[in-house]
Amino acid sequence: MSQARLQLPPQVAHGQVVRARLLIEHPMDTGYLQDLAGKPVPRNVIADLTCEYGGRQVFRVEPSSGISGNPFFEFFFRAGETGELRVSWVDERGAKGELRQLLRVQPPSSRPPA
Amino acid sequence: MRRLLAGALLLALGLSWGLAAAQQRHISLEQVRSGLSYAGGDVRALQADEFANPAQLWLQRGEQRWSEPVGRAGKSCMDCHGAVKDSMRRVAARLPALDRQSGQLFILEDRIRQCRQRHQQGPELAFESDDLLSLSLYVSQASAGVPLQPAADGPALPHVLAGERLFMQRRGQLNLACTHCHDQNFGRRFYTDPLSQGQPNGYPVYRLEWQKVGSLERRLRSCFVGVRAEPLPWGSTQMRQLALYLGWRGQGLPVEVPAVRK
Amino acid sequence: MFSGTLLSLPEMMDPIVQGRSLREGAITMDMPVLADNGLLVPLRVIVESPMSEQDHVTHLYLLSQRNPVTRMAVFHLGPWSGRAEVSTRLRLAGSQKVVALARLSDGSFRWRQADVIVTESACVDGS
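As the structure is a computational prediction, the values presented were derived from the model and not from experiment.

Asks: For this particular structure, what's the right way to read the sheet that holds strand β1 (residues 4-7) of chain A?
Replies: Backbone hydrogen bonds hold the strands of a sheet together, and the pairing may be parallel or antiparallel. Strands sit in the order β1(A)-β3(A)-β6(A)-β7(C)-β4(C)-β2(C) across an open sheet of six strands; the sheet is antiparallel. Each edge of the open sheet is held by one strand with a lone partner, namely β1 of chain A together with β2 (27-30) of chain C. Neighbour-to-neighbour, the strand axes of this sheet turn through a mean angle of 15 degrees, independent of strand direction. Examined bridge by bridge, β1(A) and strand β3 (residues 17-24) of chain A share four bridges and lie antiparallel to one another. Among the inter-strand pairings, A4(A) is bridged to a residue of β3(A), identified as I24(A).

Asks: Sorry, what's going on with the environment of A84(C) here?
Replies: Residue and element names in this part refer to chain C. When you line up the elements, A84 lands in the loop between β6 (71-76) and β7 (85-90). According to the C-beta neighbour criterion, A84 is buried, with 25 such atoms within 10 Å. Remark: the alpha-carbon pair of A84 and I27, spanning 57 residues in sequence, is separated by 9.6 Å. Sequence-distant contacts of A84, defined by excluding residues within four places in its chain, comprise I46, V47, S49, M51, V57 and L77.

Asks: Quick question: what am I supposed to make of the interface of chain B and chain A here?
Replies: How big an interface is tends to be expressed through the accessible area that disappears when the partners come together. Taken together, the contact pairs eight residues of chain B with ten residues of chain A. Looking at the side of chain B that touches chain A residue by residue, the classes come out as four nonpolar, three polar and one charged.

Asks: Explanation requested: the nonpolar core in the structure shown.
Replies: Generally speaking, nonpolar side chains in soluble globular proteins are found buried as a group. Counting residues in each nonpolar core, the largest one holds 106 residues, and the members touching the most others are L60(C) and A100(C). It is helix α11 (residues 237-249) of chain B that provides the largest number of residues to this core, a total of seven residues. Excluding residues within four positions of it along the chain, A100(C) makes contact with I27(C), M29(C), V45(C), L60(C), L62(C), W111(C) and R112(C).

Asks: Where do I start with the interface of chain A and chain C in this structure?
Replies: Between chain A and chain C, the residue contacts involve 24 residues of the former and 26 residues of the latter. If one sorts the elements of the side of chain A that touches chain C by residue count, strand β6 (residues 72-78) of chain A sits on top with seven residues. Within the side of chain A that touches chain C, the residues separate by chemical class into 13 nonpolar, six polar and five charged. Of the pairings in the sheet, the one linking β6(A) to β7(C) comprises two bridges and is antiparallel in character.

Asks: What is the right way to read the environment of E84(A) from this model?
Replies: Residue and element names in this part refer to chain A. Secondary-structure assignment places E84 in strand β7 (residues 83-91). In this structure E84 comes out as exposed when scored by C-beta crowding, with 11 C-beta atoms within 10 Å. Setting aside chain neighbours within four positions, we find E84 in contact with R100, Q101 and L102.

Asks: Hey, could you run me through the packing of helix α6 (residues 108-118) of chain B against helix α7 (residues 130-141) of chain B in this one?
Replies: Axes are the key here: two packed helices are described by the angle between their axes and the distance separating the axes. Residues and elements named next belong to chain B. It is the contact of α6 with α7, at a shortest axis distance of 10 Å, that shows an interaxial angle of 110 degrees. Relative to α7, the element α6 lies roughly perpendicular. When you trace α6 past α7, the crossing you get is right-handed. Mapping the contact onto sequence places L108, E109, I112 and R113 in α6 and L132, L135, S136, V139 and S140 in α7.

Asks: Please clarify how the pairing of β6(C) should be interpreted in this entry.
Replies: Residues in a regular strand project their side chains so that they alternate between the two faces of the sheet. As judged from the four bridges shared by strand β5 (residues 56-63) of chain A and β6(C), these two strands associate in the antiparallel manner. Following the sheet pairing, V61(A) is matched in β6(C) by F75(C). Bridge count between strand β5 (residues 57-64) of chain C and β6(C): five bridges; the pairing is antiparallel. Residue Y61(C) lies in a different strand from β6(C), and its bridge partner there is V74(C). Linking β5(C) back to β6(C) in an antiparallel pair, the connection comprises six residues.

Asks: How should I be thinking about α11(B) in this particular structure?
Replies: What sets the pattern is the α-helix's 3.6 residues per turn: residues three or four places apart point alike. Residues and elements named next belong to chain B. Helix length check: α11, at 13 residues, gives a terminal C-alpha distance of 18 Å against a target of 18 Å (1.5 Å per residue), a fit within 8%. For α11, a buried count of eleven out of 13 residues is recorded, marking the element as mostly surrounded by other parts of the structure. Among the residues of α11, M239, R240, Q241, L242, A243, L244, Y245, L246, G247, W248 and R249 are the ones counted as buried. Those residues of α11 that are buried lie in contact with β2 (105-106), α8 (157-168) and α10 (216-226).

Asks: It is not clear to me how the packing of helix α3 (residues 56-66) of chain B against α7(B) should be interpreted in this structure. Could you clarify?
Replies: Residues and elements named next belong to chain B. Remark: α3 packs on α7, axes separated minimally by 7 Å, with the N-to-C direction vectors making an angle of 90 degrees. Put simply, α3 runs roughly perpendicular to α7. Judged by residue contacts, W58, L59, R61, G62, E63, R65 and W66 of α3 engage D130, D131, L133, S134, L135, L137, Y138 and Q141 from α7. Along the lines of polarity and charge, the residues of the contact of α3 with α7 split into seven nonpolar, three polar and five charged.

Thresholds, definitions, all that
Residues numbered from 1 in each chain as written. Chains lettered and ligands numbered in written order. Predicted model: local features only at pLDDT ≥ 70, side-chain atom pairs only at ≥ 80, totals over all residues. Pairing = 2+ DSSP bridges. Helix = DSSP H or I, 4+ residues; strand = E, 2+ residues; numbered from the N terminus. Axes fitted to C-alpha atoms, helices over the stretch in contact; angles between N-to-C directions. Buried ≥ 20, exposed ≤ 12 C-beta atoms within 10 Å, placed from the backbone. Contact = placed C-beta atoms within 7 Å. Nonpolar A, V, L, I, M, F, W, Y, C, P; charged D, E, K, R; others polar. Core = buried A, V, L, I, M, F, W, Y, C linked by C-beta atoms within 7 Å. Parallel < 35°, antiparallel > 145°, perpendicular 65-115°, else oblique. Left-handed = near helix turned anticlockwise from the far one by under 90°. Expected span 1.5 Å × (residues − 1).

This is how it looks when you write it as structure tokens:
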């Protein structure tokens, strides 16, 4: 099972631009290297990664072998309501990964404008 | 009378050579420096990033494995050892050490493998497997900041001396010994690479070259390959003796986990 | 494997831009001038954009001048992003230019380049 981590602020305000940091365990094998026994390691990289939140896609990246192993991405999105972020990815062999995490959003203030 | 004196002199010399060889520090205790101080800004930033340090992925796995029941006994590490921070507080700083039962020199990975086999009766943790590396890293983290101090006297002494001989021995097509780079030329550049002292306090380490976490043994093998020498076999006593010597040589350096190196 | 040949900037960008409006600037690239190791080179890209419905970045391409694969990553952004900023870690096969190419919602492009020196190539056999 590949490991993954997602960092979100503990709590954000409605409408705030949120910073997400994502780290995923994946070798992102380029296909140019050999293993310790001298056998070529075939190419296999994460080809597509998306992040969904509030019923829509809020981030997507199509990486390639030019992204370092155990890929790291930092991205931004607007906070709506408290809800789950769902990050999912697939590599060139078709192996899928997923990570879910709750984003806590303070509801918009109900005070009328001054 | 003269023979007695000569004998006594020889004995004294022999003893003092035995002690003196281990006491001979090419790098004084005040001069020892972690590999981190020779690393570039990016590597230092990666190590300092508590969230996105790539080794965190292995620490995460280590934490999971620690509390996972395994084997016929259906026990997890946690069942016997409790919280790693309490039970493993200084373990990594005191290894390699002699196993009292077998008399063998054990590195941390050996100790974990033995626990898995003997007490959990579970599937073998292969050397350099992600599971073993993760557990080793997780246990080492309990010693973060603790100064390295493996036992180097008494029954461990012959192993330290054997490790020292390995460190001083020329090898490979480049005909270099560890000491040539890491005692005599640390701080200077090998082509564009700054040479470190070759200290062991950051292991298991996330090495950019490997794009994953790896053991000290793996790193030492890289060095052997680097001077075009046949590496010592995996799991060999000699590798452990070298690791023990390195631990004595780097005495006082704080255990650094999770470390990142080039 | 074509690493070693340095592409020209038009060679890198034309296949994506395909003749549409292309202007330099309005992009910040935060990357070391000298990389510790080609296997992991941190990069932050910020495109100046209001990220509104009417005016936002739709795609951000990271292009390599020397890697065997030119297109290192493509980011898909939109007004939901709030900011046109991403960070990642690149693999670079030797010293080269890295180009950040942004496609805007009106179909035009902005670009920026940064030079990086990599003393150890990423694409070698390291055991």
